[in-house]
Amino acid sequence: MRIFISAVTVSLLLNCFLNCCVLQAADEPGMCRLRIRLVDASNGSEIPGLIRIEESDGQRIPIPKLLDRGQGLGKSLRIHDWSVLPQAQEVLVPKQKVKISAFSGLETELTSRELDLTKRESAEVTLQLRRFYDAHQSGYRNANTHVHLRKITKPESNRYLLETAKGDGLDLVFVSYLARADDDVDYTTNRYSKHEIESLSTDHVHFGHGQEHRHNFSPYEEGYGHVMLLNIPELIYPVSIGPGISKVGTDGLPLQRG
């Protein structure tokens, strides 16, 4: 009998194992084990989301175990205050007064609770998130049709795609191929095959592939615009045109002088 285990499954199992090891080995003085759970206030069902933990003076408390929602972006951006909580988990936080805030996807209000963990070895908190809109009830679906990831490994990319899709409440995610001279060497998502992208799909989110066809007059600036081509059988070449993005050729010059 042969048993096949996908790379995504191996990555998630390894990540779970490492997280467990961190918690078991981290019974440090001054740290409290805090189990965090998010639920839909309307029915009590557990939901994923984004969380932020702060000190009493508003300083962010890092949560190394959880995925940084701003992974790959500039370190000065406030998005790094937020971590992805794909399901109820136990994290380590300092034994002090803290404020935890959370929301789920695009449809819930921000909810916050203050906790005094000064003398606690462990604690639990459940945040009830109030939904102000339900896209599914109106026949709509939440989607991100334009994702590029760069300078990370395939396992890191898999984790980012899966966990942020859950935390952002997405039903559809399209991973886009982009050709940009020199820079595209670092695009992790350019190295996915159509099958690899589609195999990330779960019962909750569908992953599709496509490409960003664009024209730039100069790097990262304007041109004739760009368009997303989704669920195409194969890449359409040239993926990008214009000297500003591909550094070869141009469609900006007339075929003959007027």
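Calculation rules
Residues numbered from 1 in each chain as written. Predicted model: local features only at pLDDT ≥ 70, side-chain atom pairs only at ≥ 80, totals over all residues. Heavy atoms only, no water. Helix = DSSP H or I, 4+ residues; strand = E, 2+ residues; numbered from the N terminus. Buried < 20%, exposed > 50% of the residue type's maximum accessible area, 1.4 Å probe, protein only. Areas by Shrake-Rupley, 256 points an atom, 1.4 Å probe, with all protein chains shown as cover. Pairing = 2+ DSSP bridges. Axes fitted to C-alpha atoms, helices over the stretch in contact; angles between N-to-C directions. Core = buried A, V, L, I, M, F, W, Y, C linked by side-chain atoms within 4.5 Å. Contact = heavy atoms within 4.5 Å. Expected span 1.5 Å × (residues − 1). pLDDT = per-residue confidence, 0-100.

Glancing now at the overall build of the protein. From N to C terminus, the protein includes three helices and 13 strands. The 258 residues of the protein split such that 40% are buried. Carbon and sulfur atoms make up 53% of the accessible area of the protein, which totals about 15,300 Å².

Let's shift gears to the sheet that holds strand β5 (residues 89–94). Strands sit in the order β5-β1-β8 across an open sheet of three strands; the sheet is mixed. Every interior strand has two partners, whereas the edge strands, β5 and β8 (122–129), have only one. Across this sheet, the average inter-strand angle for adjacent strands is 35°, counted without regard to direction. Here six bridges tie strand β1 (residues 31–40) to β5, and the two strands are oriented antiparallel to one another. Of the residues in β5, the one forming a bridge with R33 is L92.

The omega torsion across Y237 and P238 is -5°, close enough to zero to call that bond cis. For P238, the location among the structural elements is in the loop between β12 (225–230) and β13 (240–241). In this structure, K151 is a non-glycine residue whose phi angle is positive, near 60°. For K151, the location among the structural elements is in the loop between β9 (143–147) and α2 (154–167). The residue D182 is not glycine, and still its phi comes out positive at about 75°. Along the chain, the position of D182 falls in the loop between β10 (172–177) and α3 (194–198).

Taken together, the five strands give an open sheet; going across it, the order is β3-β4-β2-β6-β7, and neighbouring strands pair in antiparallel fashion. Two strands in the sheet have a free side with no partner beyond their single neighbour: β3 (67–68) and β7 (111–116). The pairing of β3 with strand β4 (residues 83–85) spans two bridges and is antiparallel. For D68, the partnering residue across the bridge sits in β4 and is S83.

Turning our eyes to something else, we now look at the nonpolar core. Among the nonpolar cores identified, the biggest contains 22 residues, and L34, I36, L38, I51, I53 and L117 are the most heavily contacted of them. Breaking this core down by element, the ones donating at least two residues are β1, β2 (49–55), β5, β6 (97–103) and β8. When neighbours within four sequence positions are excluded, L34 is seen to be in contact with Q89, E90, V91, V93, L115, L117, A123, E124 and V125. The next biggest cluster of nonpolar side chains, apart from the first, holds 19 residues, and it includes L67, W82, Y160 and V173.

The first and last C-alpha atoms of α2 sit 20 Å apart over 14 residues, in line with the 20 Å expected at 1.5 Å per residue. Counting buried positions over the 14 residues of α2 gives 10, a clear majority of the element. For α2, every residue scored as buried is listed here: S157, N158, R159, Y160, L161, L162, E163, T164, A165 and G167. A positive phi of about 65° marks G169, the residue just after α2.

Interpretation of this model should avoid reading the predicted coordinates in detail wherever pLDDT is low. Per-residue confidence for the protein gives a mean pLDDT of 86; residues scoring 70 or more make up 86%. Long-range and interchain partners of residues 21–26, a stretch whose pLDDT sits below 50, account for six contacts in this model, where long-range means more than four residues apart.

Moving on to the pairing of β2. Side-chain positions along a regular strand alternate between the two faces of the sheet. Most of β2 is tucked away: six of the seven residues are buried. The pairing of β2 with β4 spans three bridges and is classified as antiparallel. Looking at β4, one finds that L50 is bridged to V84. Strand direction decides the pairing type here: β2 and β6, joined by six bridges, are antiparallel. Of the residues in β6, the one forming a bridge with R52 is S101.

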